[in-house]
Amino acid sequence: MATIMNEELDTNSTLRRRSLTRLQPSDSISGAQVSTDKQKRSSNNTPKDYHSNDSSVSPRHQKVTARWDPSEACRPNVDEAPVFYPTHEEFEDTLGYISKIRPLAEAYGICRIVPPASWKPPCSLIKENFWHHAKFSTRIQQIDLLQNREPMKKKRGRKRKRNSTKVGARRMNTDSNASSDNDNDKFGFRSGSDFTFQEFVDFAVNFKKHYFGIYDESSKRIVDGCDENKEDLGPSINEIEGEYWRIIEQPTDEVEVYYGADLETGVFESGFPKSACVENNEVNKYVKSGWNLNNLPRLPGSVLAFEGCDISGVLVPWLYVGMCFSSFCWHVEDHHLYSVNYMHFGDPKIWYGVPGSHATALEDAMRKHLPDLFDEQPDLLHQLVTQLSPNVLKTEGVPVYRATQCSGDFIVTFPRAYHAGFNCGFNCAEAVNVAPVDWLQHGQSAVELYGEQRRKTSISHDKLLLVSAREAVRALWELLVLNKVDPENERWKRVCGKAGILTNSVKARVEMEVKRIEQLDAGFQFHKMEDDFDTTNEKECFLCFYDLHMSAVTCKCNSTRFSCLKHAHLLCSCEPDQHSVYLRYSFDELTMIVDSLEGISGALQKWASKNLELYQIKYPIKEETSNLSNNHDSNVGKVCGQVINIGSLAFGKLWCNTQAIFPKGYRSRVKYFSFLNPMVMSDYIAEINDGGLIGPVFKVFLEECPSESFIDLSADKCWKLLLERLNREIVKLENNALKPLRSVNGLEMFGLSSPPVIQAIEALDHERKCVEYWRSKLN
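Below is a summary of the structure that appears in this document. Since this is a predicted model, take the numbers as computed values, not measurements. (Residues numbered from 1 in each chain as written. Predicted model: local features only at pLDDT ≥ 70, side-chain atom pairs only at ≥ 80, totals over all residues. Heavy atoms only, no water.)

## Brief notes about the overall build of the protein
Stage number 1. Each helix and strand counted, the protein has 24 helices and 26 strands in total.
Stage number 2. In the protein, which comprises 779 residues, the proportion classed as buried is 56%.
Stage number 3. Here the protein displays about 33700 Å² of accessible surface, and carbon together with sulfur accounts for 48% of that area. (Helix = DSSP H or I, 4+ residues; strand = E, 2+ residues; numbered from the N terminus. Buried < 20%, exposed > 50% of the residue type's maximum accessible area, 1.4 Å probe, protein only. Areas by Shrake-Rupley, 256 points an atom, 1.4 Å probe, with all protein chains shown as cover.)

Shown next, in the form of structure tokens:
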């Protein structure tokens, strides 16, 4: 792994060096069609105030009159974020590589990853038909007002008297950063024109040429209109950066630009290939790549894989089409998630990052320097419409780092790392979120902060945490009991143990939950939460919007109104005994989960016995047991079984023998010939029930016909009874090709002789109290 710290690009050169001048829209990729339906959807996404906001006085219809003033450049004096150059082998494991660089990169809040030279995914956005016909919406950004502006109430009625340079917007997050002419209370970005890529690049190139005084009309390239072999005519990256912050800090002209931001790739288009192309293996490798942002959020190792909904902008990538000066203002990701941004093509994008450890310091600095704006909009940072110079932040002790993203580069932002930036010219990037297990501790802090701010959540953090815990316990159990060593189980093992990242996250949440339960008023009625409590309709606290997946409080006076544990006393004025507290897990169960994650084998076995449906132990049935006839070639399927419940250990001479241990409550499902129709396979349920003084009682019944069961004190005799019933039906068929079955192994049919099942049952008796069985095994 090669890493360059504080790397400076050759910023005295112009931006075109790594631009997409080599790419022209083409039909080289087959199937380059823009459907009428997609065009309609794009049109329907046009804001309602489109015509009024993008009329003849919009940036699209105005001349560029403001000009570059290099003598007043305000380029921030900040250090560079680290740049990483993974090898081909390192790059194969996406989350593994991000985890590998995290100890170094997280301290900067942001980093740049340059893929191996061989990694060049095809981009569907540059297909000829799409480039010229698919339209995307934009927003108009007032760059000169991103930092220096009056509160809207003070400004109301005034008119600006500066020169105008006109011409979209950054992420809307959970709050909109758009405003209309009728919204005078909040500063935001107005809706702009709909553009095709060709229209947008023409506009962006024209704006940049006029603003910086570049009048070379001899070339019509995609990005900047300049041949790479010619002498560069445009400003350097440094010069554009200096001019951008001059506009922000010392505005003399009105500068408005377009930004095609937050474009839903599920509706518009992703730049990455999404469907496999049988004829093109080169394309297919990018379809499956972990660095394909359509795959990244749900990769093994990302807890977002357990999120059931395709949340746009979080699990479904967003596309960003920028022009010179179009900006994304200071913000953190929803739920303090990681973000990964890939630039498909175009001029560089300048990023600024602040490590998550200094997030509060940045917020304090912005409130200090922009007090009037925060007085008017306390949630200003949620709106993504405000910049503050990195130089100002540094004077307040906030570390800021710069990253320059070029075409083909990835930018990774870390949990709660504030970031901002702007585009140096026309470009196109795509971004999505991801949540490695180490994010969970940051995600917990985020939902607690959201509760304090009374801000809605977009994902259920508790659901992701608990599912992760269950998956980790399953992996530990398979490693311990089944000796099943595979990459997924090993991955979970690395985050468990007494000092594991996942263990600590779960333990902290459990301690928080127990403390809140203890603080409830006496008299509350406790109930077990149904599994589907929030399946179809997510529940949230009526006051702080805290997610209620783990626990919830309601009252008889209004059964549809819920609160979190912290605000139970504010739910209503009824007496405590009228309130019901619903808990997904009891205190003992939560303790069992923590103990299991720490690797305590007894806890693992107890959890497995209660939740075996998660573990799916399957066992085969030998061929001689399952054949009706040597000549029988019917495609009825193989005979096999699966454990439904491993049961619990029962002590006493009758509950084991020299061959097996018989757990009380054991249950399995086995596919075998149906006695209703021997020509088909059906599911039988095999159970071991508690017969009291007579010990274990073995029972088998056809799942579709539970009224007829076969019961005995022996597993063999139980199945022989069923075999007799089955053979009578075979005789009735009078089919010479079918011969009655002669014998059946009862222990095998129950699964009690299958090695995986034996291992699971033996693990229940870690103290070896089933003496007869263990003595026989030793001998």
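Now, onward.
## So, the sheet that holds strand β10 (residues 327-331)
Stage number 1. A sheet is described by the order of its strands in space; here 5 strands give the open sequence β2-β13-β12-β15-β10, paired in mixed fashion. Here the strands that pair on one side only, and so sit at the sheet edges, are β2 (79-80) and β10.
Stage number 2. Bridge analysis of β10 against strand β15 (residues 418-423) gives 3 bridges, and the strand direction is antiparallel. If you follow H331 over to β15, its bridge partner there is H419.
Stage number 3. Most of the contacts of helix α8 (residues 237-249) go to β15, to which it runs at about 110 degrees, and overall it touches β10, β12 (349-354), β13 (401-405) and β15. (Pairing = 2+ DSSP bridges. Contact = heavy atoms within 4.5 Å. Axes fitted to C-alpha atoms, helices over the stretch in contact; angles between N-to-C directions.)

## Some words on the nonpolar core
For soluble globular proteins, nonpolar side chains are generally found buried alongside one another.
Stage number 1. Counting residues in each nonpolar core, the largest one holds 112 residues, and the members touching the most others are L502, Y666, Y672, W719, F750 and L752.
Stage number 2. When residues of this core are assigned to their parent elements, the largest contribution, 11 residues, is made by helix α15 (residues 461-482). (Core = buried A, V, L, I, M, F, W, Y, C linked by side-chain atoms within 4.5 Å.)

## Quick notes on the side chain of T413
Stage number 1. You can see T413 is positioned in strand β14 (residues 410-413).
Stage number 2. Residue class for T413 comes out buried when judged on its relative accessible area of 0%.
Stage number 3. In terms of polar contacts, T413 uses its side chain to reach the side chain of S339, at 2.5 Å.
Stage number 4. When sequence neighbours within four positions are dropped, the list of residues in contact with T413 reads G109, I110, E333, Y338, S339, W351 and H419. (Polar contact = N/O pair within 3.5 Å; in protein donor to acceptor, adjacent residues only side chain to side chain.)

## What to know about a nonpolar patch on the surface
Stage number 1. Judged by side-chain polarity, M679, V680 and L733 come together as a nonpolar surface patch covering roughly 210 Å² of accessible area.
Stage number 2. Inspection of the secondary structure puts V680 in the loop between β23 (667-673) and β24 (681-690).
Stage number 3. Exposure remark for V680: the relative accessible area of 36% places this residue in the partly exposed category. (Patch = residues over 30% accessible without salt bridge, like charges linked within 9 Å, V, L, I, M, F, W, Y side chains within 5 Å. Salt bridge = Lys/Arg side-chain N within 4 Å of Asp/Glu carboxyl O.)

## Topic: the pattern of salt bridges
Stage number 1. Enumeration over the complete set of coordinates arrives at 36 salt bridges.
Stage number 2. Between K456 and E540 there is a salt bridge, with the nearest N and O atoms lying 2.4 Å from each other. With K456 in the loop between α14 (440-453) and α15 and E540 in the loop between β17 (525-528) and β18 (551-555), the pair connects residues that are 84 residues apart, well separated along the chain.
Stage number 3. Between K498 and E598 there is a salt bridge, with the nearest N and O atoms lying 3.4 Å from each other. One end of the pair, K498, is in the loop between α16 (487-494) and α17 (501-518); the other, E598, is in the loop between α18 (587-597) and α19 (601-610), with 100 residues separating them in the sequence.
Stage number 4. Using a relative accessible area of 57% as the deciding quantity, one classes K498 as exposed.
Stage number 5. Overall, the relative accessible area of 16% leaves E598 in the buried class.
Stage number 6. Salt bridges sharing common partners tie together E471, R474, E478, K484 and E488.

## A look at the side chain of S289
Stage number 1. Mapped onto the elements, S289 comes out in the loop between α9 (281-288) and β9 (318-322).
Stage number 2. A relative accessible area of 11% means that S289 is categorised as buried.
Stage number 3. Setting aside its immediate chain neighbours within four residues, S289 contacts W119 and N295.

## What about empty space enclosed by the protein?
In this approach the atoms are scanned with a rolling probe the size of a water molecule, which exposes any empty space left behind.
Stage number 1. In this structure, the second largest cavity encloses a volume near 80 Å³.
Stage number 2. Around the second largest cavity, the lining residues are D462, R509, E513, R516, Y546, D547, L548, M550, S551, C564, L565 and K566.
Stage number 3. With 3 residues, α17 is the largest single contributor of residues to the lining of the second largest cavity.
Stage number 4. Tallied by class, the residues present in the lining of the second largest cavity amount to 5 nonpolar, 1 polar and 6 charged. (1 Å grid on protein atoms, 1.4 Å probe; cavity = no way out; pocket = protein on both sides within 12 Å on 5 of 7 lines; lining within 4 Å. Points joined across faces, edges and corners; volume = space filled by probe spheres on them. Nonpolar A, V, L, I, M, F, W, Y, C, P; charged D, E, K, R; others polar.)

## Focus: unusual backbone geometry
Stage number 1. Notably, H335 is not glycine yet its phi reads approximately 55 degrees, a positive angle.
Stage number 2. In this structure, H335 sits in the loop between β10 and β11 (338-346).
Stage number 3. For R768, which is not glycine, the phi torsion reads 55 degrees and is therefore positive.
Stage number 4. The residue R768 is located in the loop between α23 (755-764) and α24 (771-778) in this model.
Stage number 5. Taking relative accessible area as the criterion, R768 reaches 46% and is therefore assigned partly exposed.

## A short note on the layout of surface pockets
Stage number 1. Looking at the largest pocket, its volume works out to about 740 Å³.
Stage number 2. Lining the largest pocket are 30 residues, with D93, T94, L95, G96 and P300 sitting closest to its centre.
Stage number 3. Ranked by the residues each element gives to the lining of the largest pocket, the list is headed by helix α4 (residues 94-105), at 6 residues.
Stage number 4. Considering only residue class, the lining of the largest pocket consists of 14 nonpolar, 8 polar and 8 charged.

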